[in-house]
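# Structural characterization, general
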Protein chains: 2
Amino acid sequence: MQKAAALRIFEALSSGVRLDVFRLLVQAGKPGRVAGEIATALDVSPTNLSFHLKGLLAAGLVSVEQEGRFQRYRANIPLMLETIAYLTAHCCGGDPDECARLRGHAPDAAAFLPPLAHDAAGPGDQ
Amino acid sequence: MQKAAALRIFEALSSGVRLDVFRLLVQAGKPGRVAGEIATALDVSPTNLSFHLKGLLAAGLVSVEQEGRFQRYRANIPLMLETIAYLTAHCCGGDPDECARLRGHAPDAAAFLPPLAHDAAGPGDQ
DNA sequence: TCAATATTTCAAAAAATATTGAATTATTCT
DNA sequence: AGAATAATTCAATATTTTTTGAAATATTGA
């Protein structure tokens, strides 16, 4: 992952409406929700929802599939996890002990932070 | 974690400057960096940096410690991990198989997503 | 104490985002 | 084909966020 992608993802989740939409879709799971259902559930105008869905879509956090005259949206959870990997890459000044100590503070998350392998970004990484 | 906290965290990371600052501090590890070092490294004016640090601080993503006339900033990585736990809580419409399938898409992150124990938020959770 | 350094606060201007309602596109149903 | 439905695009307005430079605060060292 590169900076621009990570930035789009955080921008996408930095609005209350979009955060609600994404959570709704995460909770919905595989069946997702069509736009109208989302608008009703969250009490957002279709126009405004469309605006916010576009942001989530551009970030890759949701996908759409046309279903007749409906548009069915689904959450892309794995991308969210990749983003954290990007964020925590090359952490702790390369000190594995320090890295382990940090991990200790978030027990559930412990197994996630990779020891030191970190990201595989090439020279173009920003 | 509650919605308001998660929102502050994503807002905090939704600017290129703040994302750079946070990554710099994640990579710096325990010693962190004083404000002036950050400003120089990222070529941001002290005034503007101060503005952005305030956002990161309000979100809890960084901490400060006064050191003479310097202010030393450090990243709070565990909070970032908690945020993802919040985001992926109650996922997949409660279907564990579906949850497992999703996890399969992000191998490194696989161990992070808790099976179904999920968050411990009380009735006030938004 | 005085000058220099580090950082923050404040107020104004500039830029980016969000919201609204009307119009448009595309699909279904009769 | 024509009416109804689902959703998006467009253009205008409102709101929020970011940036800038000057001024203020606090600490250090002469």
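Please read these numbers as outputs of a predicted model, since none were measured by experiment.

Let us look at the protein's contact with DNA strand D. Near DNA strand D lie 20 residues; those nearest to it are A:Gly36, A:Ser50, A:Tyr73, B:Thr47 and B:His52. In the model, a phosphate oxygen of DNA strand D is placed 2.7 Å from a nitrogen or oxygen of the A:Gly36 main chain. In this structure, A:Arg69 approaches DNA strand D through a side-chain N or O atom, which is 3.0 Å from a sugar or linking oxygen. When contributions to the surface near DNA strand D are tallied by element, the ones reaching two or more residues are α3 (35-42), α4 (46-59) and β3 (70-75) of chain A together with α4 (46-59) of chain B.

Taken together, 20 residues lie near DNA strand C, and A:Thr47, A:His52, B:Gly36, B:Ser50 and B:Tyr73 sit nearest. Those atoms of DNA strand C that come within 4 Å of the protein belong to sugar or phosphate at a rate of 65%. Within the side chain of A:Thr47, a nitrogen or oxygen atom sits 3.3 Å from a base nitrogen of DNA strand C. At a separation of 3.4 Å, a base oxygen of DNA strand C approaches a polar side-chain atom of B:Thr47. Contributing elements (two or more residues each) for the surface near DNA strand C: α4 of chain A together with α3 (35-42), α4 and β3 (70-75) of chain B. Across the surface near DNA strand C, the residue classes break down as 6 nonpolar, 10 polar and 4 charged.

Time to look at the sheet that holds β3(B). All names here are of chain B. Spatially, β1-β3-β2 is the arrangement adopted by the 3 strands of the open sheet, whose pairing is antiparallel. Strands at the two margins of the open sheet, each flanked by one partner only, are β1 (33-34) and β2 (62-67). Across the sheet, helix α2 (residues 16-28) touches β1, β2 and β3, and the angle it forms with β3 is around 85°. Strands in contact with α4 are β2 and β3; relative to β2, the strand with the most contacts, it is inclined by about 115°.

Let us now look at the pairing of β3(A). Residues and elements named next belong to chain A. Alignment of strand β1 (residues 33-34) against β3, held across 2 bridges, turns out to be antiparallel. Of the residues in β3, the one forming a bridge with Val34 is Arg72. Direction of pairing for strand β2 (residues 62-67) relative to β3: antiparallel, over a ladder of 6 bridges. Bridge assignment links Val62 to a residue of β3, and that residue is Ala75.

Rules used throughout
Residues numbered from 1 in each chain as written. Chains lettered and ligands numbered in written order. Predicted model: local features only at pLDDT ≥ 70, side-chain atom pairs only at ≥ 80, totals over all residues. Heavy atoms only, no water. Near = heavy atom within 4 Å. Polar contact = N/O pair within 3.5 Å; in protein donor to acceptor, adjacent residues only side chain to side chain. Helix = DSSP H or I, 4+ residues; strand = E, 2+ residues; numbered from the N terminus. Nonpolar A, V, L, I, M, F, W, Y, C, P; charged D, E, K, R; others polar. Pairing = 2+ DSSP bridges. Contact = heavy atoms within 4.5 Å. Axes fitted to C-alpha atoms, helices over the stretch in contact; angles between N-to-C directions.

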